[in-house]
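# Notes for the structure review
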Amino acid sequence: MRKLQKKQASLARRHTRVRGKITGTADCPRLCVTRSNGNLYAQFVDDVAGKTLCGISTIAKDFKKSGANVDGAQELGKLAAKKAKEAKITKVVFDRGGNLYHGRIKAFADGAREGGLKF
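What counts and what doesn't
Residues numbered from 1 in each chain as written. Predicted model: local features only at pLDDT ≥ 70, side-chain atom pairs only at ≥ 80, totals over all residues. Heavy atoms only, no water. Pairing = 2+ DSSP bridges. Helix = DSSP H or I, 4+ residues; strand = E, 2+ residues; numbered from the N terminus. Axes fitted to C-alpha atoms, helices over the stretch in contact; angles between N-to-C directions. Left-handed = near helix turned anticlockwise from the far one by under 90°. Contact = heavy atoms within 4.5 Å. Nonpolar A, V, L, I, M, F, W, Y, C, P; charged D, E, K, R; others polar. Phe/Tyr/Trp six-rings, centres within 6.5 Å; stacked < 30°, edge-to-face > 60°. Buried < 20%, exposed > 50% of the residue type's maximum accessible area, 1.4 Å probe, protein only. Lys NZ or Arg CZ within 6 Å of the ring centre and 35° of its normal.

## Considerations on the sheet that holds strand E4 (residues 93-95)
Ordered in space as E3-E2-E1-E4, the four strands form an open sheet in which the pairing is mixed. A single partner strand is all that each edge strand has here, and the edge strands are strand E3 (51-57) and E4. With direction set aside, neighbouring strand axes in the sheet form an average angle of 20°. In terms of strand pairing, strand E2 (residues 40-46) meets E3 through six bridges, oriented antiparallel.

Structure (structure tokens):
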């Protein structure tokens with residue numbers, strides 16, 4: 001198995017393990033974070049109805065900073081909390097998506113908490 005395939009398989013295995021433990025509902029949706037090399041993506045998902053309630057990413061028009069660093073991730077977390085408040089969401093379940101709770105993922109979560117979301 002090549003190094004990239006092994007890394008992708010490990011990420012998928014961790015994500016499956018995380019998703020087996022958490023689920024989102026209409027009153028407490030799942031905040032799903034996806035990370036790429038250059039950007040971050042976040043969605044609020046109701047797993048019971050199978051719907052995405054709202055979402056935001058670093059490629060959105062109202063996002064000004066770079067998403068490839070920790071500062072950009074924290075700013076995106078604050079924007080996600082603001083967008084969630086507009087959709088009347090206050091409490092969420094955090095889904096780190098198989099990534100380690102470190103760096104950009106942790107900064108995003110801290111920014112979302114600063115914005116008023118409760119995990």
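## Topic: the packing of helix H2 (residues 70-86) against helix H3 (residues 104-114)
Where H2 contacts H3, the axes come no closer than 7 Å and their chain directions differ by 35°. In this structure, the crossing between H2 and H3 has a hand that is right-handed. Contacts between H2 and H3 involve Val70, Ala73, Gln74, Leu76, Gly77, Lys78, Ala80 and Ala81 from the first element and Arg104, Ala107, Phe108, Gly111, Ala112 and Glu114 from the second. Of the residues in the contact of H2 with H3, the class split is eight nonpolar, three polar and three charged.

## Let's talk about the packing of aromatic side chains
Under the criterion given, the structure shown has three aromatic pairs. For the pair Phe94 and Phe108, a centre-to-centre distance of 6.4 Å together with 25° between the ring planes defines the contact as stacked. Residue Phe94 is located in strand E4, and its partner Phe108 is located in helix H3; the two are separated by 14 residues in the primary sequence. Each member of the pair, Phe94 as well as Phe108, is classed as buried. With centroids separated by 5.2 Å and ring planes inclined at 20°, the aromatic side chains of Phe94 and Phe119 adopt a geometry described as stacked. Taken together, the positions of Phe94 in strand E4 and Phe119 in the segment after H3 put the pair 25 residues apart, joining distant regions of the chain. Look at Phe119 and you get partly exposed, because its relative accessible area is 34%. Three or more aromatic residues joined by ring pairs make a cluster, and in this case those are Phe94, Tyr101, Phe108 and Phe119. Cation over ring: Arg113 sits above Phe119, and NZ or CZ is 4.4 Å from the ring centre.

From the geometry alone we can't say anything about function, so treat these as descriptive.
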